[in-house]
Amino acid sequence: GEAPDGRHLWVTLGRHLHRVDARRGRIVETEVSEEMIDAVAVDPKGRHVYSFSYDDYRVTKRHIDHGTVLRRSAILSGRAFRLTASRHGVWVGDVGEDEVPEIRLIERDDLESEGRAGAPGRSYSSAAVSGETLWFSGHEPPDASGRSAFRLYCADAATGVLRSEEPQGPGGGDVVADDEAVYVRTHDELPDEQGIVVVHPDPVCLE
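Residues numbered from 1 in each chain as written. Predicted model: local features only at pLDDT ≥ 70, side-chain atom pairs only at ≥ 80, totals over all residues. Heavy atoms only, no water.

Turning to the pairing of strand β17 (residues 172-177), a few remarks are in order. Bridge count for β17 against strand β18 (residues 182-186) is 4 bridges, and the pairing is antiparallel. Within β18, the position partnered with V176 by the bridge is Y183. The antiparallel hairpin formed by β17 and β18 contains 4 residues in its connecting segment. (Pairing = 2+ DSSP bridges. Helix = DSSP H or I, 4+ residues; strand = E, 2+ residues; numbered from the N terminus.)

Dropping the structure here:
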């Protein structure tokens, strides 16, 4: 995985966390971890690197310059994990009890769990942050015909509270966002929406 901090890329390979010069493509720093590193994210201010490992199911906060460990979270429950960082901490996707995937905020200073995104009891995953907005895929409840679908939602990046109950577009796979749009890789079961979908959201999502 990789995460840009403006000047460098953070790249994981097994137990190695590499800081790569983005212009020259050269490794400038390497931290060797005790566990495999499966996901990484850099906070928008470029202060910390967050990583996650399936070996111990914890989020680790690391020094931005050389990747050494500063603090570890408590053990998290869940299945697959994805990280997206905001100035408030790191949002961890696919964390949940009772087999219901959710997105949980791990606070930036002490790595304590500070809340979750969206509505209770709903299944959420695949998050991204742009500015003060959190974007994520949500699995809608079945309609009258029994069909359900993944849709894209927006929320406050500090609290996870939905900014609109209305879906902003298709969801399902990976989500990437910038100041202008949201880019969603949709699932194969959406034949009319399969592939990369560019979503231009409602202004209410950007408040």
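Our focus in this paragraph is the sheet that holds β17. Strands sit in the order β17-β18-β19 across an open sheet of 3 strands; the sheet is antiparallel. Edge positions in the sheet fall to β17 and β19 (196-199), since each of these pairs with one other strand and no more. Averaged over all neighbouring strand pairs, the angle between strand axes comes to 25 degrees, with direction disregarded. Across 4 bridges, the pairing between β18 and β19 is antiparallel. Along β19, the bridge assignment pairs R185 with I196. (Axes fitted to C-alpha atoms, helices over the stretch in contact; angles between N-to-C directions.)

Glancing now at the confidence of the model for the protein. Taken as a whole, the protein shows an average pLDDT of 83; of its residues, 87% reach a score of 70 or greater. Within the protein, no element has a lower average pLDDT than strand β1 (residues 2-4), which sits at 58, and none a higher one than strand β8 (residues 69-72), at 94. (pLDDT = per-residue confidence, 0-100.)

With that settled, consider the state of the cysteines. Summed over all chains, the structure comprises 1 disulfide. Here C154 is linked by a disulfide to C205, with a sulfur-sulfur distance of 2.1 Å. An S-S torsion of about -70 degrees defines the bridge between C154 and C205 as left-handed. In this pair, C154 is assigned in strand β15 (residues 150-156) and C205 in the segment after β19, connecting sequence segments 51 residues apart. C154 sits in the buried class, given a relative accessible area of 0%. (Disulfide = S-S within 2.5 Å. Buried < 20%, exposed > 50% of the residue type's maximum accessible area, 1.4 Å probe, protein only.)

A word on the packing of aromatic side chains. By the definition in use, this model includes 4 aromatic pairs. On the numbers, 5.7 Å between centres and 75 degrees between planes, the contact of Y54 with Y57 is edge-to-face. Overall, Y54 belongs to the partly exposed group, its relative accessible area being 33%. For the ring pair F136 and Y153, a centre distance of 6.4 Å and an interplane angle of 25 degrees mean the geometry is stacked. One end of the pair, F136, is in strand β14 (residues 133-139); the other, Y153, is in strand β15, and 17 residues separate them in sequence. Judged by its relative accessible area of 0%, F136 falls in the buried class. Since its relative accessible area comes to 3%, Y153 is described here as buried. Through pairs of rings, three or more aromatic residues link up here, namely F52, Y54 and Y57. (Phe/Tyr/Trp six-rings, centres within 6.5 Å; stacked < 30°, edge-to-face > 60°.)

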